[in-house]
Structures are given as structure tokens and as C-alpha cells.
Amino acid sequence: MSNWWKTATVYQIYPRSFMDSNGDGIGDLQGIIQKLDYLKKLGIDIIWLSPIYDSPNDDNGYDIRNYYQIMQEFGTMEDFNQMLDEIHQRDMKLMMDIVVNHTSDEHEWFQRYHDFYFWQDQPNNWNSLFSGPAWEYDAYRGQYYLHIFSKKQPDLNWENPKVREKVYDMMRWWLDKGVDGFRMDVINFISKDPELPDGPNGDGSAYFMNGPRIHEYLREMNKEVLSKYDCVSVGEMPGTTPEDAKRYTDPNNRELNMIFTFEHMDLDGGPNGKWDLKPLDLVGLKENLEKWQHALHDVGWNSLYWNNHDQPRIVSRFGDDGRYRVKSSKMLATCLHMMQGTPYIYKGEEIGMNNCALDSIDAYRDIETLNMYKAKHDAGVDHETIMTSIYAKGRDNASTPMQWSDASNGGFTTGEPWLQVNPNYKDIHVEAALQNQNSIFYHYQQLIQLRKTIDVMTTGSFHLLYREHPDIFAYERQSNAEKLTVYCNFSVHEHQFDLPDGDVLIHNYKELASTDKLILRPWEAVVFYVNGGHQS
Ligand code: NOJ
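Source: prediction; values computed, not measured. (Residues numbered from 1 in each chain as written. Predicted model: local features only at pLDDT ≥ 70, side-chain atom pairs only at ≥ 80, totals over all residues. Heavy atoms only, no water.)

Draft legend 1. Broad picture of the UniProt feature "domain: Glycosyl hydrolase family 13 catalytic" (unreviewed entry) in the protein chain. Those residues carrying the UniProt feature "domain: Glycosyl hydrolase family 13 catalytic" (unreviewed entry) are residues 12–399 in this numbering. Within the segment residues 12–399, helix and strand shares are 33% and 14% respectively, and the terminal C-alpha atoms sit 12 Å apart. (UniProt positions renumbered as here; feature names shortened; annotations may be inferred. Helix = DSSP H or I, 4+ residues; strand = E, 2+ residues; numbered from the N terminus.)

Draft legend 2. Focus on the site of the ligand. In the vicinity of the ligand there are 13 residues, among which Asp59, His102, Asp185, His309 and Asp310 approach most closely. One of the side-chain N or O atoms of Asp59 is found 2.5 Å from an oxygen atom in the ligand. In the complex, 97% of the free accessible area of the ligand, which totals 290 Å², lies under the protein chains. Grouping the amino acids of the shell around the ligand by side-chain chemistry returns four nonpolar, three polar and six charged. (Near = heavy atom within 4 Å. Polar contact = N/O pair within 3.5 Å; in protein donor to acceptor, adjacent residues only side chain to side chain. Areas by Shrake-Rupley, 256 points an atom, 1.4 Å probe, with all protein chains shown as cover. Nonpolar A, V, L, I, M, F, W, Y, C, P; charged D, E, K, R; others polar.)

Draft legend 3. Inspection of the pattern of salt bridges at higher detail. Applying the stated criterion across every chain yields a total of 33 salt bridges. Two residues, Asp169 and Arg172, come together in a salt bridge whose shortest N-O distance is 2.8 Å. Residue Asp169 and its partner Arg172 are located together in helix H5 (residues 161–177), separated by three residues, close to a single helical turn. A residue is classified by how much of its surface remains accessible, and Asp169, at 38% relative accessible area, is partly exposed. For the salt bridge of Arg521 with Glu524, the shortest nitrogen-to-oxygen distance reads 2.9 Å. Several salt bridges share partner residues, and in doing so they unite Asp59, Lys274, Asp310, Asp366, Glu368 and Arg395 into one network. (Salt bridge = Lys/Arg side-chain N within 4 Å of Asp/Glu carboxyl O. Buried < 20%, exposed > 50% of the residue type's maximum accessible area, 1.4 Å probe, protein only.)

Draft legend 4. Spotlight on the sheet that holds strand S15 (residues 342–346). Read from one edge of the open sheet, eight strands run S11-S10-S9-S5-S2-S1-S15-S14, paired in parallel fashion. At either end of the open sheet lies a strand with only one pairing partner, and these are strand S11 (258–260) and strand S14 (303–304). Pairing of strand S9 (residues 181–184) with strand S10 (residues 232–236) involves four bridges; the strand directions are parallel. Paired with Phe182 across the bridge in S10 is Ser233. Against the sheet, helix H3 (residues 77–89) engages strand S2 (46–49) and strand S5 (93–98), with an angle of about 135° to S5. (Pairing = 2+ DSSP bridges. Contact = heavy atoms within 4.5 Å. Axes fitted to C-alpha atoms, helices over the stretch in contact; angles between N-to-C directions.)

Draft legend 5. Examining the sheet that holds strand S6 (residues 119–120) more closely. The strand order S6-S8-S7 describes an open sheet built from three strands, whose pairing is antiparallel. Edge strands, defined here as strands with exactly one partner in the open sheet, are S6 and strand S7 (135–138). The sheet contact formed by S7 and strand S8 (residues 143–146) spans four bridges and is antiparallel. Within S8, the position partnered with Asp138 by the bridge is Gln143.

The structure is reproduced here in C-alpha cells:
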């Protein structure tokens with residue numbers, strides 16, 4: 001089977017926030033259909049669609065009630081079929097999000113099959129990743145069930161072969177329908193230590209992340225499902241090291257094509273996790289990404305991302321979303337897309353959408369944020385401190401509706417949006433981006449096109465330069481015939497280097513500051529390209 005996903009660029013749609021076609025304030029499938037030409041213009045190859053299955057929406061669709069039905073608010077199965085068709089007509093592919101570590105507590109399985117889930121008379125001490133204990137008492141059964149996420153997301157017990165069979169059936173059903181692959185939600189959580197031991201301070205992650213049978217399950221899934229189709233697979237895998245990733249993505253192991261690491265996303269969190277804010281140390285980020293680039297160079301494959309629906313907006317996080325919003329967005333894009341792997345763009349990233357601080361906690365919708373607020377508030381943490389964390393890291397930063405135009409609600413809906421639109425939509429929106437040849441949009445478009453023609457972007461080795469430099473992220477990519485030298489300034493400070501060989505391939509300033517020296521201005525990103533490799 002081919003490796004078409006190695007030269008592809010993925011675009012993630014969070015359907016609730018993408019485009020509302022019927023004025024109910026919630027994005028939907030017909031809305032997506034309206035915007036496919038826009039995605040085609042950007043140049044993307046694969047759409048990753050966050051869950052669109054029937055769900056009570058405790059966690060915006062990551063709590064699935066029925067894997068074979070479309071969420072009513074998003075449309076019907078006919079709408080889905082039409083969308084899939086239209087995606088394929090435009091020569092793009094569709095990657096579905098599947099959530100099979102857990103279901104909704106409203107799923108028929110939870111109601112009918114006791115042994116599909118984890119039940120205990122006496123729960124262990126694990127905490128839920130969404131605050132509070134990971135076990136909920138069920139009065140009807142007189143027992144506790146495990147939920148690593150919300151109490152409406154009970155964990156499936158993969159030890160039970162019937163669970164695995166049902167999951168594989170469902171995956172084949174979607175592939176037979178014509179979808180082109182899967183993004184698998186927290187897939188490295190599916191194998192739990194059967195003893196379910198207590199963890200230090202309630203942290204059970206050592207017993208449910210990358211558990212004892214995980215590789216066996218993934219190989220089985222590959223054999224039963226993935227290997228039978230020319231499809232792409234990416235596993236979301238918190239707590240995974242490059243060594244683990246090698247095992248998961250080595251084609252000889254027949255598990256997955258690539259995984260999402262979290263290591264680079266955890267660098268600006270303190271010892272108490274993501275809400276414990278810590279400034280980014282660029283040297284640490286470089287070292288981390290270098291480690292992943294090296295580990296998966298010959299074996300396996302990286303996925304490259306700065307954003308998704310769980311992360312705050314990258315321009316607000318590692319860039320400057322004020323004066324240098326445009327420059328720093330382009331810089332971050334360049335820095336990421338020039339590495340080896342498959343790049344992922346999250347809706348709105350391509351126009352430089354940024355974080356949005358909502359007026360009051362009541363305006364927030366995300367369950368993780370709301371639970372955390374309550375838990376910290378109950379523990380006596382003051383409102384301002386909690387809100388500072390939410391402004392920096394809350395998931396609703398990523399969920400604010402897509403900004404299509406300067407029409408009311410950014411052209412996202414004619415109704416009342418389910419989550420406030422960032423008020424800066426009047427200035428930052430797709431229409432403006434499309435009209436301006438220097439926009440962030442066209443920079444992304446150029447990066448995506450380059451990937452199709454410049455082989456070294458896909459194949460080249462990675463060599464980090466100026467390792468200890470606190471502001472500059474620079475690296476080379478090298479293959480037999482070609483070489484790229486990438487310079488990215490993660491600061492407003494000017495820095496000077498010798499000019500590297502080659503022609504400018506892509507740049508976020510009009511011209512170089514000097515013809516003798518490489519002078520990097522605020523947030524400047526420039527890539528030099530040599531065709532002919534070392535010899536030229
Ligand atoms: C990871 C998903 O990305 C996140 O959005 C979700 O809340 C949890 N898994 C639970 O499904």
C-alpha cells in the first residue's frame with residue numbers, strides 16, 4: 001500500500017465551530033460542504049473531521065452514543081454521504097475521528113453489556129483527567145465504573161474480545177462507505193493494567209497509558225481492519241516517548257502510520273500540569289523536536305502540529321498575537337512545515353486566529369475548563385488565578401467559531417453561536433485573507449505546494465543549528481541532491497548570522513535585510529534551498 005499520506009497536508013475541522021448552514025448557531029455538514037472549495041484552494045489533501053456521530057455532547061462529540069448515526073445538529077447520513085462524495089470529487093480525502101477508548105454512558109453497550117466496561121465494588125484512587133475521581137457509582141448496578149474522562153464517558157474494556165470485534169466491525173463499516181482513514185482518540189489508553197493499581201497521588205497514567213496489551217491490540221486492529229484498506233491512521237497518544245512512537249509507527253510492526261506526541265505541547269506546563277503556566281523555553285522546544293525528528297527519521301513517521309481542538313492558539317502561545325500576529329504566524333508555520341512528517345493545520349490557523357478571553361466563566365462551554373474551574377474554586381483558588389490559566393490554555397480558545405467575514409458573527413452563523421465569536425473577527429477573517437496576497441493564508445498555501453515539489457521536505461535528514469540560541473530555531477534538512485536551511489526568529493530581537501548557501505525558497509519578509517549577512521528581524525522566517533546538495 002502506498003504512503004500517500006507522507007506528502008499530504010491535513011486540515012482539521014471542528015464541525016461545531018466551522019460553518020453553520022441553517023442558523024441554529026452550530027456548525028454542520030452542509031456548512032462544511034459550502035467550504036470545500038476554500039479548503040481545496042488552500043491545497044490540503046486530507047480533512048480530519050472531529051466526531052460527527054450521534055452524541056449527547058457532554059464532551060462535544062467525544063462521547064459517542066451511536067457510531068452509526070450522525071449527530072442531529074450536524075445533519076443526516078445523506079448529508080454525510082454528499083459531503084464524502086464532494087470531498088472525493090475535489091480529490092481530497094476524509095479522515096474520521098474515532099473514539100473507542102470510551103463511549104457515552106448513553107450508548108446502548110453501556111446499558112446492555114456489563115462486561116464491556118470496567119466495574120469495581122471498591123474503586124482505586126485514580127483521578128479523572130477532567131477533574132474529580134475517575135470512578136462513578138451506579139446505583140442500579142451497585143458498583144463503580146471507570147471513566148478516565150467525564151463521568152458520561154465510561155472506558156471500554158478491551159480485554160473483552162467482543163468489544164474489540166464490535167469496534168473493528170464499526171471501523172470496517174466506515175471504510176466500506178469510503179472514508180480514507182482514522183484519527184484515533186487517546187488510543188494508547190485502551191490497554192489497562194488488569195490489576196488497576198492505585199497511582200501516586202491519584203495519577204493512574206502509568207497503568208492506563210501504553211498499557212501491557214496495547215501493541216497486541218493495535219496489531220490486531222491493523223490485521224482485522226487497517227491492512228485491508230489503503231487508509232491512513234494516526235493515533236492520539238499522550239505520554240508517549242519517541243521510543244514508544246517508533247514501535248507504534250514502524251511499518252514492520254503493522255500498527256499505525258503515525259501518532260500525535262504531546263511532549264512539545266507540555267513544555268509550557270509546570271509540574272502540576274497544563275494549567276500550571278510556565279513560559280516556553282525555546283532551547284527545550286528545539287531539543288524536544290530534534291529528538292522526535294531523529295528518532296523517526298528512518299523508522300516510522302512524525303505528525304507535525306502546533307494546534308488542535310485541545311490546544312490554545314499557537315500564535316498566542318509561542319508567537320505574538322499583537323503587533324506581529326501575521327509575521328509570527330507565518331514564522332511558526334514555516335518552522336513546523338519544514339520538518340519531516342505530515343503537517344496538520346487546525347481550522348483558523350491558516351488565517352492566524354488567536355486566543356479569545358471570554359468575559360465571564362459562564363460564557364465558557366468546555367467541560368474540561370468548567371470542571372477544572374469548579375474544582376479549583378472549591379479548593380479556594382481565587383477567580384483571577386484560574387481565569388489566567390483558562391485564558392492561556394482553555395480549549396475554548398480553539399473552539400471559537402471560524403471567522404469567515406466581517407458580517408455579524410464572522411459569517412459563521414445567522415443565529416446565536418453556541419460559543420462566542422472572537423470580537424476581532426471584524427479584522428481577522430477569511431475574506432480579508434483571500435484578498436491579500438501577503439496574507440497568512442497564502443503563506444500556508446505556498447508551504448503546502450512546496451511539499452508537493454521539494455522532495456527533501458519529505459525525505460531529508462534533520463540537523464539542528466545553534467542549539468543553545470535562546471531566540472533562533474534553525475535547522476538543515478538534507479537529502480542526496482537537495483538541502484534546506486531554515487531560520488526562524490522566535491523573538492522581536494534582531495540576530496545576525498553568515499548567509500547560508502542557496503536561494504530563498506519561502507520568506508515572511510519581502511526581502512532579506514542585507515546581501516552580505518543574514519540579519520533576522522522580529523519573527524522573521526526564511527528558508528534557503530540548494531538543489532544539488534553539498535556539491536553546489
Ligand atoms: C482526546 C480528545 O482530543 C479530547 O478532545 C477529548 O476530550 C478526550 N480525548 C476524550 O475523548
